[in-house]
Amino acid sequence: VHFALDATWHAGRVTLGYFQTGVAVERKADSTPLTIADREAERTLREWTARYWPDHGIVGEEFGASKGSSPYTWVFDPIDGTKAFVAGVPLYANLVALLDGDRAVLGVIHFPALGETVWAARGRGCYWNERRARVSAVSALGDAALMTSGLDLFGAKQAAWDRLVSSTYIQRTWGDAYGYALVATGRAEIMIDPVMELWDAAPMQVILEEAGGMLTDWQGVATIHHRETVATNGALHADVLAKIRGDDVK
């Protein structure tokens, strides 16, 4: 845990050096933004891992995968929310997860511009900075706060979002990693994404579960290896999945 928190903090310091500086922006093949801060932060995480855990595998958004000789794999998203980062909005995060096989046993979400970190390890609970983090006790969809990363991402799945919007109290696009952190710390109840990669999702399941919540795909399977993700405080999970499926649509 100490290694993951330290490495993530150092990666965050790298990104802060470029934050709100008008850093140059490239476009990837899928039109998502990329900056030197993304690359340097991931290099920092890889260098730390090579120094302390040379037998572990690595999967990173910017530099791909390298297999290790142990069953453990580190997964890095050096800047989750690069669009926010480029715009000078402080809701971007550095994400680190440790997988044992296919299952995350440790996850860190670090918001360097906010000075906030949410982390969890299997069997050790979830923490928001120095205090224990728990999901909210909200048990009715009509009282729930619903988050997502971008309304333009739903496409053919728009109806699922619309059903949730009509059933919940408040809706915001405080998304990317920030939405998952809000659910884990009891400040929101639902976070839904129709498009995810492993490095986006890797820390989220262990964090949500250790905080008392749930993270699954849209079919209800507890996994980080799926393109669709929904996180809740647990009490609302079945209701959210029913809305996604449209069970009440005649």
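Here, every reference points to the structure presented above.
Everything numeric in this text was worked out from a predicted model, so none of it was measured.

A. A look at the overall build of the protein chain. For the protein chain, the helix and strand inventory stands at 8 helices and 15 strands. Over its C-alpha trace the protein chain gives a radius of gyration of 17 Å, about what one expects of a compact globule, namely 18 Å for 250 residues. With respect to the principal axes defined by its C-alpha atoms, the protein chain has extents near 55 × 40 × 30 Å. For the protein chain, with 250 residues in total, the buried portion stands at 53%. Within the protein chain, contacts between residues separated by at least 24 positions form 58% of all contacts whose residues are at least 6 apart in sequence. Across the protein chain, the 23 positively charged side chains and the 31 negatively charged ones have centroids separated by 2 Å.

B. Focus on the environment of G68. Among the secondary structure elements, G68 is positioned in the loop between strand 4 (64-66) and strand 5 (72-80). Separated by 15 residues in the primary sequence, G68 and W53 place their C-alpha atoms 9.5 Å from one another. Sequence-distant contacts of G68, that is, excluding residues within four places in its chain, are made with D55, H56 and G57.

C. Geometry of the pairing of strand 7 (residues 103-111). Burial analysis of strand 7 places 7 of its 9 residues in the buried class, the great majority of the element. Between the end of strand 6 (residues 93-100) and the start of strand 7, which pair antiparallel, lie 2 residues, with G101 showing a positive phi angle near 70 degrees. Note that strand 7 and strand 8 (residues 116-121) share 6 bridges and pair antiparallel. Within strand 8, the position partnered with F111 by the bridge is E116. Linkage of strand 7 to strand 8, two consecutive antiparallel strands, is achieved through a turn of 4 residues, within which G115 is found at a positive phi near 70 degrees.

About the thresholds
- Residues numbered from 1 in each chain as written.
- Predicted model: local features only at pLDDT ≥ 70, side-chain atom pairs only at ≥ 80, totals over all residues.
- Heavy atoms only, no water.
- Helix = DSSP H or I, 4+ residues; strand = E, 2+ residues; numbered from the N terminus.
- Rg over C-alpha atoms; globule rule 2.2 N^0.38 Å.
- Buried < 20%, exposed > 50% of the residue type's maximum accessible area, 1.4 Å probe, protein only.
- Contact = heavy atoms within 4.5 Å.
- Lys, Arg positive; Asp, Glu negative; His and termini not counted.
- Charge placed at Lys NZ, Arg CZ, Asp CG, Glu CD.
- Pairing = 2+ DSSP bridges.

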